[in-house]
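# Structural characterization, general
Here is how the chains run, residue by residue.
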Amino acid sequence: RDLYGQVMGYMNDRGVDNPFVLYSYAIFEAVTNEEDWQEIKHYVRRAKCAEERSRKRASMSSSAPPKSQYEIATAAFYLQAVCNEDRPDESWHNYALCQMLVHSDLEGAKESFLCAMDHAPRDKRIVSNFNVLLRDEEYLNMNTS
């Protein structure tokens, strides 16, 4: 919790949005249910805008721009979900939010939420976030252009 606050503070002090920091903070706030979903969506919109600016800068150079600055983190969330025997519900919940918020992969997020709920069907945080996915179609179906 303190680490996320420090990193967000450092990023805000610099005045430059960092997509990795914003996505991570949005996922953290969704997992903990400590922030309103409007604010979480605001972090995601900022991350997507910053990522787009980064792609434009990279396209001006000779290197190919990365698909997402969050690719490695996404793979880590997935590996944690499939390998975690102690708390698979938390791992699947994190991965579902990553799919939902970072990649707008709604079908994949649904599957991951269902895996999380298989392991913890009464976890109110998981159920609440799954309900957001199901009811907020306007946000979830937005284009990332």
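Residues numbered from 1 in each chain as written. Predicted model: local features only at pLDDT ≥ 70, side-chain atom pairs only at ≥ 80, totals over all residues. Heavy atoms only, no water.

This next bit is on helix α1 (residues 2–14). Given 3.6 residues per turn, any residue in an α-helix points the same way as the ones three and four places further on. Compared with the 18 Å implied by 1.5 Å per residue over 13 residues, the 18 Å span of α1 between its first and last C-alpha is a close match. Following α1 by one or two positions, G15 has its phi on the positive side, about 85 degrees. (Helix = DSSP H or I, 4+ residues; strand = E, 2+ residues; numbered from the N terminus. Expected span 1.5 Å × (residues − 1).)

For the rest of this paragraph, the subject is the side chain of H93. Among the secondary structure elements, H93 is positioned in helix α5 (residues 88–102). Among the polar contacts listed, one links the side chain of H93 to the side chain of N129, at a separation of 2.9 Å. If near-sequence neighbours (up to four positions away) are discounted, H93 is found in contact with V31, F113, A116, R125, I126 and N129. (Polar contact = N/O pair within 3.5 Å; in protein donor to acceptor, adjacent residues only side chain to side chain. Contact = heavy atoms within 4.5 Å.)

Right, let's get into the packing of aromatic side chains. In this structure the tally under the stated criterion is 11 aromatic pairs. Measuring from centroid to centroid gives 6.5 Å for Y78 and W92, while their planes differ by 85 degrees, and the two rings are edge-to-face. Taken as a pair, Y78 in helix α4 (residues 71–83) and W92 in helix α5 lie far apart in primary sequence, 14 residues in all. Relative accessible area serves as the criterion here: at 13%, W92 is assigned to the buried category. (Phe/Tyr/Trp six-rings, centres within 6.5 Å; stacked < 30°, edge-to-face > 60°. Buried < 20%, exposed > 50% of the residue type's maximum accessible area, 1.4 Å probe, protein only.)

It is worth spelling out the packing of helix α3 (residues 37–60) against α5 at this point. With their axes 10 Å apart at the nearest point, α3 and α5 run at an angle of 60 degrees to one another. Taking contact as the criterion, the partners of W37, I40, V44 and K48 in α3 are, on α5, L97, M100, L101 and V102. Class assignment of the residues belonging to the contact of α3 with α5 gives a composition of 7 nonpolar, no polar and 1 charged. (Axes fitted to C-alpha atoms, helices over the stretch in contact; angles between N-to-C directions. Nonpolar A, V, L, I, M, F, W, Y, C, P; charged D, E, K, R; others polar.)

Attention shifts here to the pattern of salt bridges. In this structure the tally under the stated criterion is 6 salt bridges. The shortest N-O distance in the salt bridge between R87 and D89 comes to 2.9 Å. A salt bridge links K110 to E107; the nearest nitrogen and oxygen atoms lie 3.5 Å apart. One end of the pair is K110 and the other is E107, both in helix α6 (residues 106–119) and 3 residues apart, which spans about a single turn. By sharing partners, the salt bridges in this structure join R87, D89, E90, D123 and R125 into a single network. (Salt bridge = Lys/Arg side-chain N within 4 Å of Asp/Glu carboxyl O.)

Shape descriptors only; they carry no functional weight alone.
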